[in-house]
Amino acid sequence: MGTAVDRNDALVRLVDQTRGRSATPMLQRLDPYGSVIFSSAEMPQFLEELTRLEALAETSEELRVIQAFEELAHECAADPTLELHLDGD
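Residues numbered from 1 in each chain as written. Predicted model: local features only at pLDDT ≥ 70, side-chain atom pairs only at ≥ 80, totals over all residues. Heavy atoms only, no water.

Visitor: For this particular structure, what's the right way to read the packing of helix α2 (residues 43–54) against helix α3 (residues 60–78)?
Guide: Packed helices, taken two at a time, are described by their axes: the angle between them and the distance between them. At their nearest, the axes of α2 and α3 sit 10 Å apart, and the two run at 165° to each other. It follows that α2 is roughly antiparallel to α3 by the angle criterion. The handedness of the crossing between α2 and α3 is left-handed. Across the interface between the two elements, Met43, Phe46, Leu47, Leu50, Thr51, Leu53 and Glu54 from α2 touch Leu63, Ile66, Gln67, Phe69, Glu70, Ala73, His74, Cys76 and Ala77 from α3. Classifying every residue of the contact of α2 with α3 gives eleven nonpolar, three polar and two charged. (Axes fitted to C-alpha atoms, helices over the stretch in contact; angles between N-to-C directions. Helix = DSSP H or I, 4+ residues; strand = E, 2+ residues; numbered from the N terminus. Parallel < 35°, antiparallel > 145°, perpendicular 65-115°, else oblique. Left-handed = near helix turned anticlockwise from the far one by under 90°. Contact = heavy atoms within 4.5 Å. Nonpolar A, V, L, I, M, F, W, Y, C, P; charged D, E, K, R; others polar.)

Visitor: Sorry, what's going on with the pattern of salt bridges here?
Guide: Throughout the structure, instances matching the rule amount to three salt bridges. The shortest N-O distance in the salt bridge between Glu48 and Arg52 comes to 2.8 Å. In this pair, Glu48 and Arg52 both sit in helix α2, four residues apart, roughly one turn of the helix. Note on Glu48: relative accessible area 43%, which makes it partly exposed. Given a relative accessible area of 37%, Arg52 falls into the partly exposed group. (Salt bridge = Lys/Arg side-chain N within 4 Å of Asp/Glu carboxyl O. Buried < 20%, exposed > 50% of the residue type's maximum accessible area, 1.4 Å probe, protein only.)

Visitor: Looking at this model, I keep getting lost on α2. Mind explaining?
Guide: Every α-helix winds through 3.6 residues per turn, so residues three or four apart in the chain are directed the same way. With twelve residues, α2 extends 16 Å from end C-alpha to end C-alpha; this agrees with the ideal 16 Å at 1.5 Å per step. All buried positions along α2 are accounted for by Met43, Phe46, Leu47, Glu49, Leu50 and Leu53. On an axial view of α2, the arc spanned by its buried residues comes to 165°, and they lie on one face. Among the structural elements, α1 (10–18), β1 (35–39), α3 and β2 (83–87) are those in contact with the buried residues of α2. (Expected span 1.5 Å × (residues − 1). Arc of directions from axis to C-beta.)

Visitor: Looking at this structure, how should I read the pairing of β2?
Guide: Along β2, the buried face is formed by Leu84 and Leu86; none of Glu83, His85 and Asp87, which line the opposite face, is buried. Both β1 and β2 contribute to a ladder of five bridges, which runs antiparallel. Residue Ile37 lies in a different strand from β2, and its bridge partner there is His85. (Pairing = 2+ DSSP bridges.)

The structure is reproduced here in structure tokens:
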């Protein structure tokens, strides 16, 4: 198990750029002040949506954060007993 930290809310800012579009329905569930849990079975779609965010990344920090979440998602996808927990402030 691992942890990805987004101290500067890069993921939230990138997701906000996609709000209202149908391209990232899973990421639309993110709440900067709440929590969301994704199952192992949801990881292929989650990874696809993170790839879409990579195209929006403008800084190395934004890209680093996305890649950290991608690593966790790959780990979760490989083990059906794992879940990915995204917790806001």
